[in-house]
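A structural walkthrough
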Amino acid sequence: MNPAGPGGQHAANQPGGGEFPAAGLITEFLGFLRNRPSYLAGYVIITLVAVSGLMAPLLPMVSPVDADAGAYLLPPSWAHPMGTDSAGLDVFSRVLHAPRVDLVIALVSTCWAACLGGVIGAYVGLWEARGGPKSGAATLMLRIADVIQAFPVFALALVLVAVLGQGVTAIVVAIGIVNVPVYLRLMRGEVLRIRDQAYVEAARIAGAGDFYLLVRHVVPNAAPPMLAQMSINTGVAVLLAAGLSFIGAGVRAPTPEWGSMIAMGFQNVVTGQWWPSMFPGLALALTVFGLGRIGASILAWTNPRERSRPTRRAWKAFAEGRA
């Protein structure tokens, strides 16, 4: 039986060998998060960031792109909770609107990179040991991935943006290209681990083709590490997008974007006006932290030893019961 996905062990232990219900998996995962606040914090942070980006246009706030010449570098106040920047733009409004750009760039670039890299990596893993033209194609794909990964990530993204042209689409394509080799190698490693399993060999002997093996056996078992890597890489993509905007190669002002906001306020920090860059910097740091915790929670959930490890709350209840 194929222990597909994080619930594979549970499915195998169910009476009659039935699959573990999806609702049961969700309930167990929520219980896992509830007993581990450090992981739960990541989901809370990202939910708040996403909701703020979605709801920002509906809130009664100052426009994030309409400058007020009379509101030059005003400190935080009731009228401007996070102050204003050197262009007279409200920092609070821009911080709340920025996820509409940053998260979209990060999510789209990560998703298409994971899809492309995962598909290529899956076929590379299946073809490597077969010899012939398919083995040569797998080797070629790996060498191309080596070339891409030989360059510093930020430098390669900057070159690609310069070639493709400045704009959101160019940033999405550039960040995706940089991340494709990561998913290619991750999926290849999972395929190399899975392809020698007994149930995969049985399916191959029964006449299953590459596509069936990938869809039925490889993808379900490789999904957890891929999802964890996607969560972590989304945070990296947010940082890359912000870094490109910081040096003027990403999203152009006055579009609200954390990197460009930090760049606009950076020069004023030395003169004591810290708020134009401090608040977007904190929002960026919290978002990356939250995405990192989500990735860590997925890895922990798919690790049976970590999932069954007693929490501090359980140890405390055990100690109090003995006392």
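Provided above is the structure to which this section pertains.
Attention in this report is confined to the structure presented alongside it. Here the structure is a predicted model, which means the values were calculated and not measured.

Regarding the overall build of the chain
In terms of helices and strands, the chain carries 14 helices and zero strands. Contacts in the chain between residues far apart in sequence, at least 24 positions, make up 70% of those at least 6 positions apart. Carbon and sulfur atoms make up 69% of the accessible area of the chain, which amounts to about 16300 Å² in all.

Points about the environment of Ser 231
As for its placement among the helices and strands, Ser 231 is situated in helix H10 (residues 210-246). Residues Ser 231 and Ile 294, 63 residues apart in the sequence, show an inter-C-alpha distance of 6.4 Å. Every residue in contact with Ser 231, bar those within four places of it in the chain, is listed here: Leu 291, Ile 294 and Gly 295.

Structural notes on the side chain of Asn 233
Within the fold, Asn 233 resides in helix H10. With sequence-adjacent residues up to four places away left out, Asn 233 is seen in contact with Thr 110, Asn 179, Val 182 and Tyr 183.

Here we look at helix H7 (residues 153-164)
Between its terminal C-alpha atoms H7 stretches 16 Å, which fits the 16 Å expected from 12 residues at 1.5 Å a residue. Buried within H7 are the following residues: Leu 156, Ala 157, Leu 160 and Val 161. One face of H7 carries all of its buried residues, which in axial projection span an arc of 135°. Opposite its buried face, H7 presents the exposed residues Ala 162 and Val 163, each directed more than 90 degrees away.

A look at the packing of helix H3 (residues 37-55) against helix H12 (residues 275-301)
Relative orientation of the contacting elements H3 and H12 amounts to 135°, with a least axis distance of 7 Å. It follows from the interaxial angle that H3 and H12 lie oblique. For the element pair H3 and H12, the recorded crossing hand is left-handed. Residues Ser 38, Tyr 39, Gly 42, Tyr 43, Ile 45, Ile 46 and Val 49 of H3 lie in contact with H12, whose contacting residues are Leu 286, Thr 287, Phe 289, Gly 290, Leu 291, Arg 293, Ile 294, Ala 296, Ser 297, Ile 298 and Ala 300. Here the contact of H3 with H12 is composed, by residue class, of 12 nonpolar, five polar and one charged.

A look at the pattern of salt bridges
Side-chain pairing between opposite charges can occur once the charged atoms of the two side chains come close. In this structure the tally under the stated criterion is three salt bridges. A salt bridge links Asp 146 to Arg 143; the nearest nitrogen and oxygen atoms lie 3.0 Å apart. Linking Asp 146 with Arg 143, this pair stays in helix H6 (residues 132-150), spanning three residues, or about one helical turn. According to the relative accessible area criterion, Asp 146 is partly exposed, its value standing at 29%. In this structure, Arg 193 engages Glu 190 in a salt bridge whose closest nitrogen and oxygen atoms are separated by 2.6 Å. Placement of the pair is Arg 193 and Glu 190 together in helix H8 (residues 168-194), with a separation of three residues, close to one helical turn.

Considering a nonpolar patch on the surface
Where nonpolar side chains cluster on the molecular surface, the patch consists of Phe 154, Leu 158, Phe 246, Ile 247, Phe 266 and Val 269 and spans about 510 Å² of accessible area. Listed by contribution, the elements that provide at least two residues to the nonpolar patch are H7 and helix H11 (258-269). Of note, Ile 247 is situated in the loop between H10 and H11.

Overview of the packing of aromatic side chains
Summed over the entire model, instances satisfying the criterion amount to five aromatic pairs. For the ring pair Trp 274 and Trp 275, a centre distance of 5.7 Å and an interplane angle of 85° mean the geometry is edge-to-face. A residue is classified by how much of its surface remains accessible, and Trp 274, at 39% relative accessible area, is partly exposed. Grouped by ring-pair contacts, the aromatic residues Phe 32, Tyr 39 and Trp 301 constitute a single cluster.

Regarding the nonpolar core
Within the largest apolar cluster, 38 residues are counted, with the highest numbers of intra-cluster contacts made by Val 95, Ile 105, Ile 171, Ile 175, Val 238 and Trp 258. If you list the elements that add at least two residues to this core, you get H3, helix H4 (91-97), helix H5 (99-127), H7, H8, H10, H11 and H12. The residues contacting Ile 175, other than those within four sequence positions of it, are Ile 105, Ser 109, Ala 237, Leu 240 and Ala 241. Among the nonpolar cores identified, the runner-up in size contains 13 residues, and Ala 113, Val 218, Ala 222 and Met 226 belong to it.

With respect to the packing of H11 against H12
For any two helices packed against each other, one specifies the inter-axial angle together with the distance between the axes. Remark: H11 packs on H12, axes separated minimally by 7 Å, with the N-to-C direction vectors making an angle of 140°. Classified by the angle their axes make, H11 and H12 are oblique. Handedness of the H11/H12 crossing: left-handed. Here Trp 258, Met 261, Ile 262, Gly 265, Phe 266 and Val 269 of H11 lie close against H12, whose contacting residues are Pro 276, Ser 277, Pro 280, Gly 281, Ala 283, Leu 284 and Thr 287. Tallied by class, the residues present in the contact of H11 with H12 amount to nine nonpolar, four polar and no charged.

Cut-offs used in this document
Residues numbered from 1 in each chain as written. Predicted model: local features only at pLDDT ≥ 70, side-chain atom pairs only at ≥ 80, totals over all residues. Heavy atoms only, no water. Helix = DSSP H or I, 4+ residues; strand = E, 2+ residues; numbered from the N terminus. Contact = heavy atoms within 4.5 Å. Areas by Shrake-Rupley, 256 points an atom, 1.4 Å probe, with all protein chains shown as cover. Expected span 1.5 Å × (residues − 1). Buried < 20%, exposed > 50% of the residue type's maximum accessible area, 1.4 Å probe, protein only. Arc of directions from axis to C-beta. Axes fitted to C-alpha atoms, helices over the stretch in contact; angles between N-to-C directions. Parallel < 35°, antiparallel > 145°, perpendicular 65-115°, else oblique. Left-handed = near helix turned anticlockwise from the far one by under 90°. Nonpolar A, V, L, I, M, F, W, Y, C, P; charged D, E, K, R; others polar. Salt bridge = Lys/Arg side-chain N within 4 Å of Asp/Glu carboxyl O. Patch = residues over 30% accessible without salt bridge, like charges linked within 9 Å, V, L, I, M, F, W, Y side chains within 5 Å. Phe/Tyr/Trp six-rings, centres within 6.5 Å; stacked < 30°, edge-to-face > 60°. Core = buried A, V, L, I, M, F, W, Y, C linked by side-chain atoms within 4.5 Å.

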